[in-house]
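The chain contents come next:
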Amino acid sequence: MIYSLLRPIFFHLDAEKAHHATLSALSCIPSGTPKAPDPMLSSTVAGICFPGPVGLAAGFDKDGKIAHKMHHFGFGFAELGTLTPLPQDGNPRPRLFRLAEDQAVINRMGFNNGGQQDAARRLATMPRAGRVIGINIGANKDAADRVADYVTGVHAMGRLGDYLTINISSPNTPGLRALQSKAALDELLSAITQARGDKAIPLFLKVAPDLEPADREDIAASVLDHKIDALIISNTTISRPPLQSSLGGEGGGLSGAPLHDLALERLRQFRALLGDQIPLIGAGGISNAQQAYARIRAGASLIQLYSAMVYEGPYLAARINAGLKKYLKRDGLTNITQAVGIDTRAA
Ligand SMILES: Cc1cc2nc3c(=O)[nH]c(=O)nc-3n(C[C@H](O)[C@H](O)[C@H](O)COP(=O)(O)O)c2cc1C
């Protein structure tokens, strides 16, 4: 209700200014104490107890300023970043576009962030009780050795989050997504798992939706070989399904409603390759409980969202939680884990 009143004001602003205004507004909210986890919606994934299945996707809170407050809106976890070892400005503006007719966003931010040291200081004092905070790490644009940047990220951030996400799928750092190819990925994951050491923070890998069948098979083999703890499917797409908005030709990654079908298809394909050997996290175009439930039934243990929040407001997560509970009750299930992959089992 409040968001539908504020939305015209935010939409009047340039998209990036609106985003900063949103972060400023959220930073005024007290941290508060998360409610006890809901027995129907809480689950343990990759050894972590998630109070709810709906997460804030990376990119919204790059520097970790408000992640600990998102429980107020029903988020069960929040992923901050992408954080690079050194601070960087990202690409020139404008670099963030709302495609309202398509309920979509295009961004070519280019990992603008204040760097890992700055975020580490903030994380050290962030209230953590009852919260799950993931940290998404990447490489600086001008890094001479990208693998070394990820290793730096593991050392700098590995003790500060509940999990680390290795982001090799953003389209806005030239060449980054080449790390998804078999030899490069194996080299990267070897270096990262070695840097993490034994019994340390769970490692999640985030992939692009723009992957050919052979790429997906290679990634599936690599995540199993290197015992990666979860796979996030997916980042934004460089593809352009038919769009209504005149901004559809802007370069960068497309997210929101037009990504929905592609991201769901990729999740199903990875589930077919991996079964339940590794938890999957579904992201891409999720904007309501029905879509969230479908993603879970297709094999996602958790889901993440960002773009739909631009159109629906932050309480979208709470609405999805309420809808998920209705679907679980309708299907005679008592906990979200019972729904994970249920459609693949029935097939
Ligand atoms: C403005 C913007 C910035 C993003 N920045 C990042 C980022 O820094 N790191 C990352 O892994 N994903 C980033 N993403 C991708 C999201 O985390 C998510 O994977 C993608 O947008 C699909 O979900 P959605 O359709 O719900 O937005 C960004 C997305 C948007 C819209």
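Going along each chain's sequence as written, the residues are numbered from 1 onward. Under the rules for a predicted model, residues below a pLDDT of 70 receive no local features and side-chain atom pairs below 80 are neither given nor counted, while totals for whole chains, interfaces and linings still include all residues. For the side-chain quantities, the full set of heavy atoms in the structure was used; hydrogens and water were omitted.

Undergrad: Sorry, what's going on with the overall build of the protein chain here?
TA: When helices and strands are tallied, the protein chain shows 11 helices and 13 strands. For the protein chain, the spread of C-alpha atoms along the principal axes amounts to about 50 × 45 × 45 Å. Residue burial is assigned from relative accessible area. The probe radius is 1.4 Å, only protein chains are included, and a residue is buried under 20% of its type maximum, exposed over 50%, and partly exposed in between. Here the protein chain, with 347 residues, has 58% of them falling under the buried criterion. Long-range contacts, defined as pairs at least 24 residues apart, comprise 73% of the intrachain contacts of the protein chain with a sequence gap of at least 6. As presented, the protein chain carries roughly 14400 Å² of accessible surface, and 55% of it is formed by carbon and sulfur atoms. Only DSSP runs of H or I reaching four residues or more are called helices, and only runs of E reaching two or more are called strands; each is numbered from the N terminus. Residues count as neighbours in contact if any of their non-hydrogen atoms are within 4.5 Å of one another. Calculation of accessible area relied on Shrake-Rupley with a 1.4 Å probe; when residues are assessed, cover is drawn exclusively from the protein chains displayed.

Undergrad: Would you mind showing me how to read the pairing of strand 8 (residues 163-167) here?
TA: Two faces make up the sheet, and in a regular strand the side chains alternate between them. Within strand 8, five of the five residues are buried, leaving the element largely enclosed by the surrounding structure. For two strands to count as paired, DSSP must find a minimum of two bridges between them. Note: strand 7 (residues 133-137) against strand 8, four bridges, orientation parallel. When the sheet's bridge partners are listed, isoleucine 135 is paired in strand 8 with leucine 164. Considered for its hand, the β-α-β crossover made up of strand 7, helix 4 (residues 146-157) and strand 8 is right-handed. Bridging between strand 8 and strand 9 (residues 203-207) involves four bridges; their strand directions are parallel. Note on strand 9: the bridge partner recorded for isoleucine 166 is leucine 205. If the strands point away from the viewer and the path from the first strand over the helix to the second runs clockwise, then the crossover is right-handed.

Undergrad: Looking at this structure, I do not really get the nonpolar core. What am I missing?
TA: Generally speaking, a soluble globular protein has its nonpolar side chains buried in company with each other. Residues grouped as a nonpolar core are buried Ala, Val, Leu, Ile, Met, Phe, Trp, Tyr and Cys residues, joined through side-chain atoms within 4.5 Å. With 77 residues, the main nonpolar core has Tyr150, Met157, Leu205 and Leu231 as its most contacted residues. Ignoring sequence-local partners within four residues, the contact set of tyrosine 150 consists of Ile137, Gly138, Ala139, Ile166, Asn167, Ile168, Leu176, Leu179, Leu188 and Ile192.

Undergrad: Mind showing me how you'd approach the sheet that holds strand 7 here?
TA: Within a sheet, each strand pairs with its neighbour through backbone hydrogen bonds, oriented either parallel or antiparallel. Sheet architecture is closed into a barrel: eight strands sit in the order 3-4-7-8-9-10-12-13, paired in parallel fashion. Across the sheet, the mean angle separating the axes of adjacent strands is 25 degrees when strand polarity is ignored. Running over the sheet, helix 4 touches strand 4 (77-83), strand 7 and strand 8 and is turned about 155 degrees from strand 7. Lines fitted to C-alpha atoms define the axes here, with helix axes fitted over just the stretch in contact, and angles between the N-to-C directions of these axes take values from 0 to 180 degrees.

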